[in-house]
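Chains, contacts and geometry: an overview
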Amino acid sequence: TTDILASFYSIMGNLMTSAAFVKEHETADGPVSRPGCWAYPDMLQVGHEISLVESFTHFAAWCITSAPLILGCDLTNDTVYNEVYPIVTSPLALKVNQEWAGHEGGLAASAEDTFTTHAGTTTVTTFPVWQVWHKRLPAIGDRATGAVLLINLSEQPRNVTLTYSDA
C-alpha cells in the first residue's frame, strides 16, 4: 500500500489495496494473511485529523481484516488519549481482530454505484458508495459465527440490505 495519510479516503484506499493483494495471492495452501504473516494496510490514523465516526470505522475495518493494530497518535496528549481510548480498547473489536478461524476477513460485497475523489489521497481514487466486510470467527458448538462491518463511504445516508449469504 502507499503511505497512509490522516484522511478517511486514504485509509479506505489502503484497506482496499491490502484486501485486493490478499485476495490475489490466496492459494490452495490457504490465505496469504495468517498467523505469523499478516497483511498490513499501514498504521492506524485513529486520533489524527479524522472524525470520531471515521476513527471508529477505521479501527473496525482494521479489526475485521485481522490487520496489525499499530497506533500512530500521541498518547501523551490527554485530549487525543481520551478520544481514542474507548475506540482502541473495545473488547469486541479486539476479540474480532485476534480470533482466527482460517480466514483473515475481507470484502464480502460492495455497491455497484461508485464515486471518484482526490480528497485526502495521493491519487484520484474510485470507491463504491458502501461496502460489507466479513470475517469468519471460531464456531460456538455447531453454530458458525462471524463479524460483519457495513461501511458507508458516501456523504449521504444509504439503505443497504444485508442477507446472511452476503457475509
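Note that the coordinates shown come from a computational prediction; the quantities given were computed from them, not determined experimentally.

Before going further, it helps to examine the overall build of the protein chain. Broken down by element type, the protein chain carries 4 helices and 5 strands. When the elements of the protein chain are put in sequence order from the N terminus, they spell out α-α-α-α-β-β-β-β-β. Computed over the C-alpha atoms, the radius of gyration of the protein chain is 16 Å, within 12% of the 15 Å expected from 2.2 N^0.38 for a compact globule of 167 residues. For the protein chain, the accessible surface area stands at approximately 9300 Å², while carbon and sulfur atoms represent 54% of it. Computed over 7 positive and 17 negative side-chain charges, the separation of the two mean positions in the protein chain equals 12 Å.

With that settled, the discussion passes to the nonpolar core. Looking at soluble globular proteins, one finds that nonpolar side chains tend to be buried together. Among the nonpolar cores identified, the biggest contains 32 residues, and Met 12, Val 46, Phe 59, Trp 62, Ile 151 and Leu 153 are the most heavily contacted of them. Elements represented by at least two residues in this core include exactly α1 (8-24), α2 (52-64), α3 (78-88), α4 (91-98), β4 (130-140) and β5 (143-152). Setting aside anything within four residues of it in sequence, one finds Ile 151 in contact with Phe 8, Met 12, Thr 57, Ala 61, Val 129, Trp 130, Gln 131 and Trp 133.

Moving on: the packing of aromatic side chains. By convention here, two paired aromatic rings are described through the distance between centres and the angle between planes. All chains considered together, the criterion is met by 6 aromatic pairs. For the pair Tyr 9 and Phe 127, a centre-to-centre distance of 5.3 Å together with 40° between the ring planes defines the contact as tilted. Note that Tyr 9 is positioned in helix α1 and Phe 127 in strand β3 (residues 125-128), a separation of 118 residues in sequence. Considered together, Tyr 9 and Phe 127 belong to a single accessibility category, that of buried residues. Taking the centre distance of 5.3 Å and the plane angle of 75° together, the rings of Trp 38 and Trp 100 count as edge-to-face. Remark: Trp 100 occurs in the loop between α4 and β1 (106-110) and Trp 38 occurs in the loop between α1 and α2; sequence separation between them is 62 residues. The exposure class assigned to Trp 38 is partly exposed, which follows from its relative accessible area of 33%.

Across the protein chain, the average pLDDT comes to 89, with 97% of residues at or above 70. Averaged over each element, pLDDT in the protein chain is lowest for α1 (88) and highest for α4 (96).

Moving on: a nonpolar patch on the surface. Taken together, the side chains of Leu 71, Leu 75, Tyr 81 and Tyr 85 make up a nonpolar region of the molecular surface, amounting to roughly 340 Å² of accessible area. Relative to the helices and strands, Leu 75 resides in the loop between α2 and α3. Accessibility expressed as a relative area gives 39% for Leu 75, which makes it partly exposed.

Another point: the side chain of Gln 45. Its location among the elements puts Gln 45 in the loop between α1 and α2. When sequence neighbours within four positions are dropped, the list of residues in contact with Gln 45 reads Ile 4, Leu 5, Ala 6, Ile 11, Ile 50 and His 58.

Moving on to α1. With 17 residues, α1 should reach 24 Å at 1.5 Å per residue; the first-to-last C-alpha distance of 24 Å fits that figure. When we look at burial in α1, the residues that qualify are Phe 8, Tyr 9, Ser 10, Ile 11, Met 12, Gly 13, Asn 14, Leu 15, Ser 18 and Val 22. Taken together, the buried residues of α1 touch α2, β2 (114-117), β3, β4 and β5.

Rules behind the numbers
Residues numbered from 1 in each chain as written. Predicted model: local features only at pLDDT ≥ 70, side-chain atom pairs only at ≥ 80, totals over all residues. Heavy atoms only, no water. Helix = DSSP H or I, 4+ residues; strand = E, 2+ residues; numbered from the N terminus. Rg over C-alpha atoms; globule rule 2.2 N^0.38 Å. Areas by Shrake-Rupley, 256 points an atom, 1.4 Å probe, with all protein chains shown as cover. Lys, Arg positive; Asp, Glu negative; His and termini not counted. Charge placed at Lys NZ, Arg CZ, Asp CG, Glu CD. Core = buried A, V, L, I, M, F, W, Y, C linked by side-chain atoms within 4.5 Å. Buried < 20%, exposed > 50% of the residue type's maximum accessible area, 1.4 Å probe, protein only. Contact = heavy atoms within 4.5 Å. Phe/Tyr/Trp six-rings, centres within 6.5 Å; stacked < 30°, edge-to-face > 60°. pLDDT = per-residue confidence, 0-100. Patch = residues over 30% accessible without salt bridge, like charges linked within 9 Å, V, L, I, M, F, W, Y side chains within 5 Å. Salt bridge = Lys/Arg side-chain N within 4 Å of Asp/Glu carboxyl O. Expected span 1.5 Å × (residues − 1).

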